[in-house]
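Given next are the chains, with one letter for each unit.
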Amino acid sequence: VEGDGQAGGVDVLVWLLMITTCIAGFTFNQGILSPLLEEEPVITLSVVFFGLSSACALAIMGGIRFGFETRCDMDDTSLFKAWGVPFVPGLAMFCNFFLLATLPWMTWAYFSALLIVFFILYAAYIVRPTTTKVVARSVIEVVMDQSSSPDESGGSSATVLA
């Protein structure tokens with residue numbers, strides 16, 4: 001909803017939910033489950049961080065669910081309605097971060113390098129959008145001119161772009 005600040009509050013809470021489920025997923029996997037599976041002692045600090053981050057995540061989900069007003073007609077069949085929001089998405093975030101914690105560190109290094117390259121390319125695109133649009137228009141005009149020019153047999157040639 002624009003203008004009342006409610007959407008901004010939900011955005012902040014969703015980001016906080018992502019951070020807390022990330023901490024919970026990683027600490028549960030690396031500090032609790034992995035040591036248990038390897039028959040090593042559980043890291044006490046991980047239990048504390050897992051408990052605190054899980055409690056914060058549950059509080060945030062409760063705040064999202066009960067702290068904001070639903071402003072659509074929930075009986076309207078033309079609207080898509082998801083069951084369990086925000087609890088099911090919160091559980092999904094936890095599960096995804098738990099699985100991400102199983103990736104080797106070298107995979108994270110490759111992913112980080114790829115992400116940096118992506119952001120550099122994206123920033124370059126944002127800085128020069130007019131240049132990109134001019135080049136795109138020029139290419140389209142050349143292709144359109146070629147497709148509308150008649151071929152040697154007297155008919156018009158059609159160019160199909162894939």
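The following refers to the structure shown. Keep in mind that what you see is a predicted model, and the values were worked out from it rather than measured. (Residues numbered from 1 in each chain as written. Predicted model: local features only at pLDDT ≥ 70, side-chain atom pairs only at ≥ 80, totals over all residues. Heavy atoms only, no water.)

Observations regarding the overall build of the protein
Argument step 1. Each helix and strand in the protein was counted, giving five helices and zero strands.
Argument step 2. Scanning the protein from its N terminus toward the C terminus, one meets helices and strands in the order α-α-α-α-α.
Argument step 3. Evaluated residue by residue, the protein yields a buried proportion of 17% over its 162 residues.
Argument step 4. A sequence separation of at least 24 residues applies to 62% of the contacts in the protein between residues at least 6 apart. (Helix = DSSP H or I, 4+ residues; strand = E, 2+ residues; numbered from the N terminus. Buried < 20%, exposed > 50% of the residue type's maximum accessible area, 1.4 Å probe, protein only. Contact = heavy atoms within 4.5 Å.)

Focus on the side chain of serine 53
Argument step 1. In this structure, serine 53 sits in helix α2 (residues 44-67).
Argument step 2. Separated by 2.7 Å, the side chain of serine 53 and the backbone oxygen of phenylalanine 49 make a polar contact.
Argument step 3. Discounting residues that sit within four places of it in the chain, serine 53 has contacts with Thr20, Ile23 and Ala24. (Polar contact = N/O pair within 3.5 Å; in protein donor to acceptor, adjacent residues only side chain to side chain.)

Brief notes about the packing of α2 against helix α3 (residues 87-100)
Argument step 1. Direction vectors running N to C along α2 and α3 enclose 150 degrees, while the axes themselves pass 10 Å from each other. The angle between α2 and α3 places the two elements in the roughly antiparallel class. Crossing geometry of α2 relative to α3 is assigned as right-handed. Facing α2, whose interface residues are Phe50, Met61, Gly62, Arg65 and Phe66, α3 presents Phe87, Gly90 and Phe94. (Axes fitted to C-alpha atoms, helices over the stretch in contact; angles between N-to-C directions. Parallel < 35°, antiparallel > 145°, perpendicular 65-115°, else oblique. Left-handed = near helix turned anticlockwise from the far one by under 90°.)

Structural notes on the layout of surface pockets
Argument step 1. One number sums up the size of the second largest pocket: a volume of about 160 Å³.
Argument step 2. Secondary-structure elements contributing two or more residues to the lining of the second largest pocket are α1 (6-37), α2 and α3.
Argument step 3. The element contributing the most residues to the lining of the second largest pocket is α2, with five residues.
Argument step 4. Tallied by class, residues from the lining of the second largest pocket come to eight nonpolar, three polar and no charged. (1 Å grid on protein atoms, 1.4 Å probe; cavity = no way out; pocket = protein on both sides within 12 Å on 5 of 7 lines; lining within 4 Å. Points joined across faces, edges and corners; volume = space filled by probe spheres on them. Nonpolar A, V, L, I, M, F, W, Y, C, P; charged D, E, K, R; others polar.)

Regarding the environment of leucine 100
Argument step 1. The residue leucine 100 is located in helix α3 in this model.
Argument step 2. Sequence spacing of leucine 100 and glycine 25 is 75 residues, and the spatial spacing of their C-alpha atoms is 8.4 Å.
Argument step 3. Apart from the residues within four sequence positions on either side, leucine 100 is in contact with Phe26 and Trp108.

Some thoughts on the nonpolar core
Argument step 1. Counting residues in each nonpolar core, the largest one holds seven residues, listed as Leu17, Ala57, Ile60, Met61, Ile64, Met93 and Phe97.
Argument step 2. Sorting the residues of this core by element identifies α2 and α3 as the ones contributing at least two each.
Argument step 3. It is α2 that contributes the most residues to this core, four residues altogether.
Argument step 4. In this structure, methionine 93 is in contact with Leu17, Met18 and Thr21, ignoring residues within four places of it in sequence. (Core = buried A, V, L, I, M, F, W, Y, C linked by side-chain atoms within 4.5 Å.)

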